[in-house]
Amino acid sequence: MTQTLDRPGSDVGARVEQWVSSFQEALSARDVDRAVSLFADECYWRDLVSFTWNIKTVEGKDEVADLLRSVLDGIDPTGFAVSGEATGADGVDEAWLRFETAVGRGTGHVRLKDGKAWTLLTSLDELKGHEESKGENRPKGTFHGADPDRETWKEGREREAEELGYSRQPEVVVIGGGQGGIALAARLRQLGVETIVVERNERPGDSWRKRYKSLALHDPVWYDHLPYLPFPDNWPVFAPKDKIGDWLEMYTRVMEINYWGSTTAESAEFDEAEGRWTVKLQRDRGNGPEEVVLRPRQLVFAMGVSGKPNRPEFPGMDRFRGEIQHSSEHPGPEGYEGRKVVVVGSNNSAFDICGSAWEAGADVTMVQRSSTHIIKSDTLMELALGGLYSEEAVRSGVDTRTADLTFASLPYRIMADFQKPAYDEAKVRDADFYQRLREAGFDLDFGDDESGLFMKYLRRGSGYYIDVGAADLVAEGKVKLVKGQLAEFTETGIRLDDGTELEADLVVLATGYRSMITSVADIIGDEMAERVGKVWGLGSDTTKDPGPWEGEQRNMWKPTQQPNLWFHGGNLHQSRHYSLYLALQLKARQEGLDTPVYGLQPSHHAE
Ligand SMILES: Cc1cc2nc3c(=O)[nH]c(=O)nc-3n(C[C@H](O)[C@H](O)[C@H](O)COP(=O)(O)OP(=O)(O)OC[C@H]3O[C@@H](n4cnc5c(N)ncnc54)[C@H](O)[C@@H]3O)c2cc1C
């Protein structure tokens, strides 16, 4: 959205001030009708844990009224005020807000049209009395004085490692120690919530290290910071996967995370009466696996939204004389120089793998099964991300938290409308590029409603390629393109449903990943998994995101149909941002605060 500040002296500020004070007065008077009258007919209120103990968007005046009637007395909001300067453009006034509730402090954001709220964001920043020890309140780190029983920091950490999970149970167990589990655990540590992260790989960062050799992050550095410890100014724009792996390993150590590597979660059962989980693990501390049972109150799955490979079975796989790999197992193109590589799929992994196989001198064919959205990386950065996440944004004072909250302030229902113009512009700007791809026979799309990459990611987590060069290989015919469905394997390659045969020494199935709930079901059982339902997607009724409309990511970072069971993950940006709200929800429960959940989502879809 272009932002042109109104002239100094204009009444944007006065209009916003007027709205905010009327809103606070109505809330204080518990006058729901009056509060609702301050919203436009088309309105959206997105709350991140501060009013609803949920991540919830209500739409329209009736839903706003229902929310207020349900929560107002318990939440007791006070002190709504504008923070910073209000701005106005294109008939929309907007401002950052601050407010308090009975138990916390929050940040808000409002957009007004004709003096009425069109969008409102409310988000919880911290819990009163449980603030993080930082700034002036940072820990001292040592004890000045004399103490014959002095325990050094290192000794304390070693003792913690010995005791936690054995003689003392953690409050939270996080299953999955990728960047998601690690970021959440860092937040929980700062909030004093004892946590163990369980990871089947040996070391933090291994989930990146084990991916194909050529992988570098597709998202730029400004979008990728972890909580508390941003990347340094000389960090590359697109970090190579092994560098990210090393950063995560360092981060885990310096953030003092209790990280159990080489540990696999096998099962988890919830004891309703006791309010505790029984989590059975196989932990290898160097002498072979041994069973360890943990009894946390809260269980978080952070096993990767793209965690479980979708590995379809095809007839004839056993007779194929070459090698078959899912893209998640593909190490790189070594040894395939001059040999035939067929990659089934046409999204990010497929393009990356085709590109590096071609660079290594392989004879490469891509099999496109369905249309793909392609956006050039430079174009994406400039048109879609740059306003919030770029060097320029940093220079103009948009810090990461402001960028994250600005993004969060856009309700999902209308987000596609905000996204579409960037992609309309990309179509014009890169018309020649798209034309060449079409001429090569490539099936392109921009999403069901032309809203592009980010909406596809939020809705289905698949169906796109951020082009870093491999698309040209397809356009130029250097990587051959064949369209169709894989029907079967032959001894020497694959056959498509139209009878086309392709010879191959290596077939890479770049066939994507399955919903996290499918791997979680192996641990919590099918009955509980079905009760919880699909993880991810908005319910937009677009391809691979079946309705009904949820308006938030299904089951992510918020209460689920199973008490004390949570999901965390997403890309680095989401993991950074939403780990705060999940951590605050867990902290509130540890402290025994009343956390009535407004609008608990019903369960939808098994996968
Ligand atoms: C090829 C590829 C490229 C990507 N590029 C980007 C990018 O540029 N930017 C971006 O933000 N995201 C990218 N992603 C998305 C990426 O998956 C996530 O950002 C990131 O990996 C998610 O972190 P996570 O911690 O949620 O999941 P993961 O990294 O998948 O971690 C989940 C962890 O759970 C562990 N686990 C699973 N089951 C068990 C069990 N039973 N017991 C113990 N541990 C278990 C796994 O070993 C794994 O380490 C990419 C994904 C892929 C596949």
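Not measured: the values here are computed from a predicted model. (Residues numbered from 1 in each chain as written. Predicted model: local features only at pLDDT ≥ 70, side-chain atom pairs only at ≥ 80, totals over all residues. Heavy atoms only, no water.)

(A) Seen up close, the pattern of salt bridges. Tallying each qualifying case throughout the model produces 55 salt bridges. With a shortest N-O distance of 3.0 Å, Arg319 and Glu488 are connected by a salt bridge. Of this pair, Arg319 sits in the loop between strand 14 (308–309) and strand 15 (323–326) while Glu488 sits in strand 21 (residues 486–489); the two residues are 169 residues apart in sequence, bridging distant segments of the chain. Judged by relative accessible area, which is 38%, Arg319 ranks as partly exposed. (Salt bridge = Lys/Arg side-chain N within 4 Å of Asp/Glu carboxyl O. Helix = DSSP H or I, 4+ residues; strand = E, 2+ residues; numbered from the N terminus. Buried < 20%, exposed > 50% of the residue type's maximum accessible area, 1.4 Å probe, protein only.)

(B) Representation of the side chain of Arg460. Here Arg460 shows up in the loop between helix 15 (453–459) and strand 19 (464–467). Here Arg460 sits buried without a salt bridge, and the closest side chain of opposite charge, Asp445, lies 5.8 Å off (N-O distance). Within the structure, the side chain of Arg460 is placed 3.0 Å from the side chain of Ser462, a separation counted as a polar contact. Beyond its immediate sequence surroundings of up to four residues, Arg460 is in contact with Trp536, Thr543 and Lys544. (Lys, Arg positive; Asp, Glu negative; His and termini not counted. Polar contact = N/O pair within 3.5 Å; in protein donor to acceptor, adjacent residues only side chain to side chain. Contact = heavy atoms within 4.5 Å.)

(C) View of the nonpolar core. Among the nonpolar cores identified, the biggest contains 167 residues, and Phe23, Trp45, Phe301 and Phe567 are the most heavily contacted of them. Sort the elements by how many residues they give to this core and helix 19 (residues 572–590) lands first, with nine residues. Once you skip the residues sitting within four places of it in the chain, Phe567 turns out to touch Val300, Phe301, Met516, Ile517, Val520, Val532, Val535, Asn555, Met556, Trp557, Thr560 and Leu582. In terms of nonpolar packing, the next biggest core, distinct from the first, is built from 15 residues, Phe314, Val367, Leu486 and Leu509 among them. (Core = buried A, V, L, I, M, F, W, Y, C linked by side-chain atoms within 4.5 Å.)

(D) Structural view of the site of the ligand. Lining the immediate environment of the ligand, one finds 31 residues, of which Gly180, Glu199, His218, Ala265 and Leu572 sit closest. A distance of 2.7 Å is found between an oxygen atom of the ligand and a side-chain nitrogen or oxygen belonging to Glu199. When residues of the shell around the ligand are traced back to their parent elements, those giving at least two are helix 5 (179–190), helix 6 (206–209) and strand 10 (263–271). With three residues, strand 10 is the single largest residue contributor to the shell around the ligand. Of the residues that constitute the shell around the ligand, the class distribution is twelve nonpolar, 15 polar and four charged. (Near = heavy atom within 4 Å. Nonpolar A, V, L, I, M, F, W, Y, C, P; charged D, E, K, R; others polar.)

(E) Looking closely at the sheet that holds strand 12 (residues 289–294). As summarised here, the arrangement of the three strands in space is 10-11-12, forming an open sheet in which the pairing is antiparallel. The sheet is open, and its two edges are formed by strand 10 and strand 12, each paired on a single side. Pairs of neighbouring strands in the sheet enclose a mean axial angle of 15 degrees, with direction left out of account. Across eight bridges, strand 10 lies against strand 11 (residues 276–284) in antiparallel orientation. By the bridge assignment for strand 11, Ala268 is matched with Val279. Here helix 17 (residues 516–524) sits on the sheet in contact with strand 10 and strand 11, set at roughly 70 degrees to strand 10. (Pairing = 2+ DSSP bridges. Axes fitted to C-alpha atoms, helices over the stretch in contact; angles between N-to-C directions.)

(F) The packing of helix 12 (residues 400–408) against helix 19, seen in detail. The N-to-C vectors of helix 12 and helix 19 enclose an angle of 85 degrees; their axes lie 11 Å apart at closest approach. Between helix 12 and helix 19, the interaxial angle falls into the category roughly perpendicular. In this structure, helix 12 uses Thr400, Arg401, Asp404, Leu405, Phe407 and Ala408 to contact helix 19, whose residues at the interface are His573, Arg576, His577, Tyr578, Leu580 and Tyr581. Of the residues belonging to the contact of helix 12 with helix 19, the class tally is six nonpolar, three polar and three charged. (Parallel < 35°, antiparallel > 145°, perpendicular 65-115°, else oblique.)

(G) Expanded view of the environment of Ser37. Examined against the element boundaries, Ser37 turns out to sit in helix 2 (residues 32–37). Residue Ser37 is classed as partly exposed on the basis of its relative accessible area, which comes to 34%. Residues Ser37 and Ala117, 80 residues apart in the sequence, show an inter-C-alpha distance of 9.3 Å.

(H) Focus on helix 10 (residues 377–385). Buried within helix 10 are the following residues: Ser377, Thr379, Leu380, Met381 and Leu385. On its buried face, helix 10 sits against helix 7 (221–224), strand 18 (373–376), helix 13 (412–429), helix 15 and strand 19.

(I) Quick peek at helix 3 (residues 60–75). Between its first and last C-alpha atoms helix 3 spans 21 Å; for 16 residues at 1.5 Å apiece the expected length is 22 Å, and the two agree. For helix 3, the principal kink sits at Arg69 and spans about 35 degrees. Along helix 3, the residues that are buried comprise Gly60, Val64, Ala65, Leu67, Leu68, Val71, Leu72 and Ile75. On its buried face, helix 3 sits against helix 1 (12–28), helix 2, strand 1 (39–48) and strand 2 (55–59). The first or second residue beyond helix 3 is Asp76, which carries a positive phi of 50 degrees. (Expected span 1.5 Å × (residues − 1). Bend = angle between axes of the 7 residues up to and from the residue.)

(J) Geometry of the side chain of Thr379. Mapped onto the elements, Thr379 comes out in helix 10. Not counting the four nearest positions on each side in its chain, Thr379 is found in contact with Ala384, Ala426, Arg429 and Asp430.

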